[in-house]
Each structure stands twice: as structure tokens, then as C-alpha cells.
Amino acid sequence: QVQLVQSGGGLVQAGGSLRLSCTASGRTFGIVMAWFRRAPGKEREFVAAMNWSGGTTLYADSVKGRFTISRDNAKTTTYLQMNSLKIEDTAVYYCAAKRGQASDRSSLYGYWGRGTQVTVSS
């Protein structure tokens, strides 16, 4: 089992930055970490993912060049650095974990954080 605890988020003006954190505990060796988000009235969508070694990262086209996923040396905390935030980035952000390869498919992730609100204002 893997438990995920999220932190970060909040309210920021368009063009600003925020960093989200997600700390994993339990059987964490080898897990892929990812971020998804759900905007009001929309389905959950993929944001970014990183495999255990950090050698593979995936990004949604909508966040490429603005968001960066990273992991600490212990590989138990994953960060999502969000720069140049746009109003359309407003959503509840979820971290997720799985074993195996990094993927943008939410159905493949078996472990989820509780979510954290990110609101970008004009």
C-alpha cells in the first residue's frame, strides 16, 4: 500500500507561481508519481508524471514549458512547480502513484492523494 499526502496550492494571480508537494509513504520503492487535475465542470485530466529513476517525465501539452515535475533524493516527495499560471489552470490538483511505467492514463493509477485547490485569478 502507498499513502499520499499533498500540500501546497492556494490562490495566485495569473502569471504567478505555486508549488505543490506530495509525500508518499508505505511501499514506495519503484513507484511512478503523477499529477492530475479536475477543473470545475470538467473531467479529470493528466498534468505530469515521472518514473522512479526520474529518467522519464511526461507532460500534458497544456502545461509544457510552464510546469515542472520533480522528486527529492529519497524519491518519496514529488513536486509540481507551476509557473506562468493561467486562469484555466484553476482546478483541484491530485497526486497519484502506480507501479510500472509512467502513464497519462488516470485509470492506471491505484493510489491517490486527497486533492488540493489551485485558484488562479485575473
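Residues numbered from 1 in each chain as written. Predicted model: local features only at pLDDT ≥ 70, side-chain atom pairs only at ≥ 80, totals over all residues. Heavy atoms only, no water.

Asks: What's the story with the nonpolar core in this structure? I'm lost.
Replies: As a rule of thumb, soluble globular proteins bury nonpolar side chains together. The biggest cluster of nonpolar side chains holds 36 residues, and the ones touching the most others in it are Leu4, Trp35, Val47, Phe67, Leu80, Met82 and Tyr93. Of all the secondary structure elements, the ones that give two or more residues to this core are strand S1 (2-8), strand S3 (18-26), strand S4 (31-38), strand S5 (45-50), strand S7 (67-71), strand S8 (77-82), strand S9 (91-99) and strand S11 (116-121). For this core, the element with the highest residue contribution is S4, accounting for 6 residues. Setting aside its immediate chain neighbours within four residues, Val47 contacts Trp35, Phe36, Arg37, Leu58, Tyr59, Ala60, Val63, Phe67, Leu80 and Tyr93. (Core = buried A, V, L, I, M, F, W, Y, C linked by side-chain atoms within 4.5 Å. Buried < 20%, exposed > 50% of the residue type's maximum accessible area, 1.4 Å probe, protein only. Helix = DSSP H or I, 4+ residues; strand = E, 2+ residues; numbered from the N terminus. Contact = heavy atoms within 4.5 Å.)

Asks: Explain the state of the cysteines to me, please; I cannot follow it from the model alone.
Replies: Inspection of the entire model under this criterion finds 1 disulfide. A disulfide bridge connects Cys22 with Cys95, and the sulfur atoms are separated by 2.1 Å. What sets the handedness of the Cys22 and Cys95 disulfide is the S-S torsion sign, and at about 55 degrees it is right-handed. A residue pair is termed long-range when its members are at least 10 positions apart, and Cys22 in strand S3 and Cys95 in strand S9 qualify at 73 residues. Each member of the pair, Cys22 as well as Cys95, is classed as buried. (Disulfide = S-S within 2.5 Å.)

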